[in-house]
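Observations on the three-dimensional arrangement
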Amino acid sequence: MACTKATFTFSQYCSDRCSSSRRRRRASAVSFFNGNSVMRLSSHRGALLTNNVLETSKSKDKSSSNNNIILVSEKLGEAGLKVLREWGDVECAYDLSPEELCSKISCCDALIVRSATKVTREVFQASKGRLKVVGRAGVGIDNVDLQAATEFGCIVVNAPTSNTVAAAELAIAHLAAMARNVARADASMKASKWERNKYVGVSMVGKTVAIMGFGKVGYEVARRAKAALGMNVVAHDPYASADRASAIGVHLVSFDEAISNADFISLHMPLIPSTHKIFNHTSFAKMKRGARIINVARGGVIDEDDLVRALDDGTVAEAALDVFTEEPPAKDSKLVKHEKVTVTPHLGGSTKEAQEGVAIEIAEAVMGALKGELSARAVNAPAVPTELVAELAPYVVLAEKLGRVAVQLVSESRDVKVVYRSADLDTRLLRAMIIKGLIEPTSNSAINLVNADFIAKEKGVRISEEIIAGVELIDSIQLQISNVISIEGKVKYGSPHLTRVGSFDVDVSLEGNLILYRQVDQPGMIGRVGTILGQHNINVSFMSLGRTCRRKMAIVAIGVDEEPSKEALQHIGSLPAIQDLVFLKL
Ligand SMILES: NC(=O)C1=CN([C@@H]2O[C@H](COP(=O)(O)OP(=O)(O)OC[C@H]3O[C@@H](n4cnc5c(N)ncnc54)[C@H](O)[C@@H]3O)[C@@H](O)[C@H]2O)C=CC1
Ligand SMILES: O=C(O)C(=O)COP(=O)(O)O
């Protein structure tokens, strides 16, 4: 998904009205996971609009614990091991080679890992269906093949909250130690030197730190940098709440603004396709000369070769790194050996307190999953039963696409009201898919039926729902986004269509690349825009124009085969009659 301009201001055109008549859902019980551990969701008549469907029973019933074998492949806190032993036979086997892990796994019901164990497709294949749960004792799940886990009916759970402060503290420690040359001065003294002039540092007070990724860890770093170190703090996070930031005196700014003005740049975003090597030659060139970088997130967000060059030519003054593209890095890694770099071996989550917390958090999540409960910590997609898929499949796609459109139209899509026009509907799966569309492109976790409500709540995204009596299973789904704009979609000929934007009727297939804008309804516009697209060698697949009356405003959606360049979009957007142009990749 890409978004060239995230803010869309159709407010004046939002005149959609919704009937308040509400239908109740039928009571149902649906299993959403294949495999040995079947997880059941029970819906209760009239209760689903507000209820969180996740159940986290703390039952210590050990009646079915006898045969559970739990393999722990990395060091886990004793308190967590104790919880696990109540529920199964725990085997701790550290430093397994991939082959050893594969050979052990076929006898295991659960596997608990941290960041070093690569839980690959081969591991799931080797488990031959016995592995029911993978527990990631920590936040980042980039070492677990979630797609393979889902395909093999294995639930993946993580422990996203217990090491937040530990990671934030290490980021602050790196920031301060780098500013004051602590590591290098220590090494110098241990080499029997006394080099006071060589290790004159830089002050932190009054300097600007840019927090790149204002999630759990970023927030804690920001708070500490501001309150304890007296720094100016700006943050970049396309999906963070400006209110949450301003509450602690932090300004949310664009990526370029953040990196071009900061003295220190601290990275706290997840490693996802859109952040892979986001810090590269181009972004280093935009930084204030002599900026200092701290990375306690993931090595993969930095192009390490480019960083070495930026350090060599002085673009970046220093870097303090806890994480690396490959861990451990090569023994002769230029980056690790670089004189302007200080390193730690992925210690962000490694405090006694955090490890105790993470161990208990993951042990409880794994135990719950082994018992067949739905877990609020689940991060992979559910295997939905065939009957349900067949019935809801096209609407599931529609729901996710509408969520994706919404987040691209209004970057702060935090209040979303969903109005279903339906004959009879259990909305949980659709709601989960809308949440997935709204949040997943910006999040570390894969969102599914199990964790959607939980994550929406955690991210401050409020979803309310209303069902209006309809004729079909689902006539339409409407999203009213943050009181700014509403969009409506329908399934037409089996595929998802955008049918209304604000008060304008449109008919747009929600697939591929879409250019959407408002324009003054006047002759010659289609020709002008078509000519620009032609000049940029962009093929139009369809065009849809919706208007409420002649020669006023209209909304235009253009499907394009190729992704337009920024220049092409700017060219179209610069036509005087055109407003609020966005490019959506669906
Ligand atoms: N070094 C270590 O031992 C540890 C590392 N971590 C890592 O720290 C990172 C952050 O963790 P949490 O704060 O718990 O996650 P989080 O999910 O609470 O926060 C991540 C934030 O990044 C934002 N984001 C997504 N794409 C972005 C982009 N392109 N630019 C800027 N922001 C973007 C998201 O909107 C979200 O607010 C993760 O990568 C995690 O794996 C976490 C704990 C320990
Ligand atoms: O929680 C995370 O994302 C971490 O990076 C911590 O990793 P670890 O469990 O210490 O290997």
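Report follows, based on the coordinates. None of these values were measured; they are calculated from a predicted model.

Looking now at the sheet that holds strand 24 (residues 578–585). Taking strand neighbours across the sheet as the criterion, the four strands line up as 22-23-21-24 in an open arrangement whose pairing is antiparallel. Here the strands that pair on one side only, and so sit at the sheet edges, are strand 22 (540–547) and strand 24. Between one strand axis and the next, the sheet turns by 15° as a mean value, whatever way the strands run.

Around ligand 2 lies a shell formed by R114, S115, A137, G138, V139, G140, N163, H346, G348, G349 and S350. Looking at the shell around ligand 2 residue by residue, the class counts come to two nonpolar, eight polar and one charged.

Let us now look at the pairing of strand 13 (residues 316–321). Sheet faces and side chains relate simply in a regular strand, where the side chains alternate between the two faces. When you tally the buried positions in strand 13, you get five out of six residues, the bulk of the element. Taking the sense of rotation as the criterion, the β-α-β connection linking strand 12 (residues 291–295), helix 11 (residues 304–312) and strand 13 turns out right-handed. Across three bridges, the pairing between strand 13 and strand 14 (residues 341–343) is parallel. Paired with L321 across the two strands is V343, which belongs to strand 14.

Here we take up the site of ligand 1. As a structural note, the neighbourhood of ligand 1 is formed by 35 residues, with G140, G213, G215, V217 and G348 the closest of them. Breaking the shell around ligand 1 down by element, the ones donating at least two residues are helix 5 (164–179) and helix 7 (216–227). Looking at the shell around ligand 1, the element that brings in the most residues is helix 7, giving three residues. Residue classes in the shell around ligand 1 are distributed as 15 nonpolar, 16 polar and four charged. Both domain 2 (162–343) and domain 3 (384–502) contribute no fewer than three residues apiece to the shell around ligand 1.

Turning our attention to the sheet that holds strand 15 (residues 415–422). Read across the open sheet, the six strands follow the order 16-15-17-18-19-20; overall the sheet is mixed. Unpaired on one side and paired on the other, strand 16 (462–469) and strand 20 (504–509) mark the two borders of the sheet. Across the sheet, the axes of successive neighbouring strands diverge by a mean angle of 20°, strand direction being ignored. Bridge count between strand 15 and strand 17 (residues 476–481): six bridges; the pairing is antiparallel. Note on strand 17: the bridge partner recorded for K417 is Q480. Each of strand 15, strand 16 and strand 17 touches helix 15 (residues 428–439); the most contacted strand, strand 16, lies at about 135° to it.

Before going further, it helps to examine the packing of helix 1 (residues 78–85) against helix 13 (residues 352–370). One can describe the packing of helix 1 onto helix 13 by two numbers: an axis separation of 7 Å at closest approach and a directional angle of 20°. One element, helix 1, and the other, helix 13, form an angle in the roughly parallel class. The crossing of helix 1 and helix 13 is right-handed. Between helix 1 and helix 13, the residues in contact are A79, G80, V83 and L84 and E356, A359, I360, I362, A363, E364, V366 and M367, respectively. Considered class by class, the residues forming the contact of helix 1 with helix 13 number nine nonpolar, one polar and two charged.

Along the chain, D521 turns up in the loop between strand 21 (513–520) and helix 17 (525–535). Owing to 18 C-beta atoms within 10 Å, D521 belongs among the partly exposed residues under this scheme. Beyond its immediate sequence surroundings of up to four residues, D521 is in contact with R547, R550, R551, K552, M553 and A554.

What follows covers the packing of helix 5 against helix 7. For the pair helix 5 and helix 7, the least separation of the axes is 8 Å and the interaxial angle reads 50°. Judged by the inter-axis angle, helix 5 sits oblique to helix 7. Of the two possible hands of crossing, helix 5 and helix 7 adopt the one that is right-handed. Every residue of helix 7 that contacts helix 5 at T164, V165, A167, A168, A171 and I172 is listed here: K216, V217, E220, V221, R224 and A225. Across the contact of helix 5 with helix 7, the residue classes break down as eight nonpolar, one polar and three charged.

What counts and what doesn't
- Residues numbered from 1 in each chain as written.
- Chains lettered and ligands numbered in written order.
- Predicted model: local features only at pLDDT ≥ 70, side-chain atom pairs only at ≥ 80, totals over all residues.
- Pairing = 2+ DSSP bridges.
- Helix = DSSP H or I, 4+ residues; strand = E, 2+ residues; numbered from the N terminus.
- Axes fitted to C-alpha atoms, helices over the stretch in contact; angles between N-to-C directions.
- Near = placed C-beta within 6 Å.
- Nonpolar A, V, L, I, M, F, W, Y, C, P; charged D, E, K, R; others polar.
- Buried ≥ 20, exposed ≤ 12 C-beta atoms within 10 Å, placed from the backbone.
- Right-handed = clockwise from strand over helix to strand, strands pointing away.
- Domains from an automatic or database assignment.
- Contact = placed C-beta atoms within 7 Å.
- Parallel < 35°, antiparallel > 145°, perpendicular 65-115°, else oblique.
- Left-handed = near helix turned anticlockwise from the far one by under 90°.

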